[in-house]
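The primary structure of each chain is shown beneath.
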Amino acid sequence: DTAVSQTPKYLVTQMGNDKSIKCEQNLGHDTMYWYKQDSKKFLKIMFSYNNKELIINETVPNRFSPKSPDKAHLNLHINSLELGDSAVYFCASSPLAAYTEAFFGQGTRLTVV
Amino acid sequence: EDQVTQSPEALRLQEGESSSLNCSYTVSGLRGLFWYRQDPGKGPEFLFTLYSAGEEKEKERLKATLTKKESFLHITAPKPEDSATYLCAVQAAETSGSRLTFGEGTQLTVNP
């Protein structure tokens, strides 16, 4: 069983389109995240939700909107896609308590053309 | 602002040639330092967590150590299957949730 699963794995779309990436975790964790990995492999946090509540919101364009229908799901919706949005987006989860590692999904490679 | 710097950016080793990867960090109160391994096309995979200076953790050919300013990932007698990008991340005591601040990684290649 996959612990953190994202769909789709690859996403190619044109500039200006709106797209969504879905994430689900079956670990029973309370906290979920979206990270962005750029072409230099640098991972940076975008958002974090704890029990459906937004707790981390980094400086991300408001074209990016996370949605958490329940604590096992965290989706990422992106409006008006731009070339610079091309990257790999990772979903992750961790238990509520601190001092714990995060478990990552396999990533969604977004290419905007 | 929390910062993590990893060196070298890339490292090529021959099978059996031991070496170390470095992770220097600046954080306002360290809650934990994490090492991850990332294979091409996959998400980071957790390796170790270190919480306080002097702590060491081992797993197979890997050993992670921690001081107040840096962490080392020692690789003893590496094999080609150890080839991957190794990521270091810190969690600051004052951050909400379990936010990780990552370094840019060290890409390790082990030649047979």
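Every value quoted in this text rests on a predicted model; they were computed, and no experiment measured them.

Chemist: Let's hear about the interface of chain A and chain B: which residues, and what values?
Modeler: Contacts between the two partners involve 25 residues from chain A, matched on the other side by 21 residues from chain B. Roughly 1800 Å² of surface becomes buried between chain A and chain B when both sides are summed, with 55% attributable to carbon and sulfur atoms. Looking at the side of chain A that touches chain B, the elements that each hand over two or more residues are β4 (31-37), β5 (43-50), β6 (53-57) and β9 (87-94) of chain A. Here the side of chain A that touches chain B is composed, by residue class, of 15 nonpolar, five polar and five charged.

Chemist: Before we move on, can you summarise the environment of B:W35 with the specific residues and values?
Modeler: Residue and element names in this part refer to chain B. Note that W35 resides in strand β4 (residues 30-38). Given the relative accessible area of 0%, W35 is considered buried. A C-alpha to C-alpha distance of 9.4 Å links W35 and C23, two positions twelve residues apart in sequence.

Chemist: How would you summarise the sheet that holds strand β3 (residues 19-25) of chain A if you had to cite specific residues and measurements?
Modeler: All names here are of chain A. The antiparallel open sheet is built from four strands, whose spatial order is β1-β3-β8-β7. Edge positions in the sheet fall to β1 (4-7) and β7 (64-70), since each of these pairs with one other strand and no more. Neighbour to neighbour, the strand axes of the sheet diverge by 20 degrees on average, direction disregarded. Pairing analysis gives four bridges linking β1 to β3, with the strands arranged antiparallel. Bridging across to β3, Q6 finds its partner in C23.

Chemist: Describe the packing of aromatic side chains, and please don't skip the residues or the numbers.
Modeler: Taken as a whole and assessed by the stated rule, the structure comprises nine aromatic pairs over all chains. On the numbers, 6.1 Å between centres and 75 degrees between planes, the contact of A:F104 with B:F102 is edge-to-face. Residue A:F104 is found in strand β10 (residues 103-104), and its partner B:F102 is found in strand β10 (residues 101-102); the two belong to separate chains. Each of the two residues, A:F104 as well as B:F102, counts as buried. Ring plane angle 50 degrees and centroid distance 5.8 Å describe the contact between B:Y36 and B:F102, whose orientation is recorded as tilted. Of the two residues, B:Y36 is situated in strand β4 and B:F102 in strand β10; the sequence distance between them amounts to 66 residues. What makes B:Y36 buried here is its relative accessible area of 0%.

Chemist: Got a sec to walk through the state of the cysteines? Specific residues and values, please.
Modeler: One pass over the full model with this rule turns up two disulfides over all chains. Disulfide pairing places A:C23 opposite A:C91 at an S-S distance of 1.8 Å. Between A:C23 and A:C91, the S-S torsion sits near -80 degrees, and that sign places the bridge as left-handed. Here A:C23 is found in strand β3, whereas its partner A:C91 is found in strand β9, with 68 residues between them in sequence. The exposure classification of A:C23 matches that of A:C91, with both residues buried. Put simply, B:C23 and B:C88 are joined by a disulfide, and their sulfur atoms are 1.9 Å apart. Torsion about the S-S bond of the B:C23 and B:C88 cystine: about -65 degrees, corresponding to left-handed handedness. Of the two residues, B:C23 is situated in strand β3 (residues 19-26) and B:C88 in strand β9 (residues 84-92); the sequence distance between them amounts to 65 residues. For the pair B:C23 and B:C88, a shared accessibility class is recorded, and that class is buried.

So, how was this worked out
- Residues numbered from 1 in each chain as written.
- Chains lettered and ligands numbered in written order.
- Predicted model: local features only at pLDDT ≥ 70, side-chain atom pairs only at ≥ 80, totals over all residues.
- Heavy atoms only, no water.
- Contact = heavy atoms within 4.5 Å.
- Buried area = accessible area lost by both parts, 1.4 Å probe.
- Helix = DSSP H or I, 4+ residues; strand = E, 2+ residues; numbered from the N terminus.
- Nonpolar A, V, L, I, M, F, W, Y, C, P; charged D, E, K, R; others polar.
- Buried < 20%, exposed > 50% of the residue type's maximum accessible area, 1.4 Å probe, protein only.
- Pairing = 2+ DSSP bridges.
- Axes fitted to C-alpha atoms, helices over the stretch in contact; angles between N-to-C directions.
- Phe/Tyr/Trp six-rings, centres within 6.5 Å; stacked < 30°, edge-to-face > 60°.
- Disulfide = S-S within 2.5 Å.

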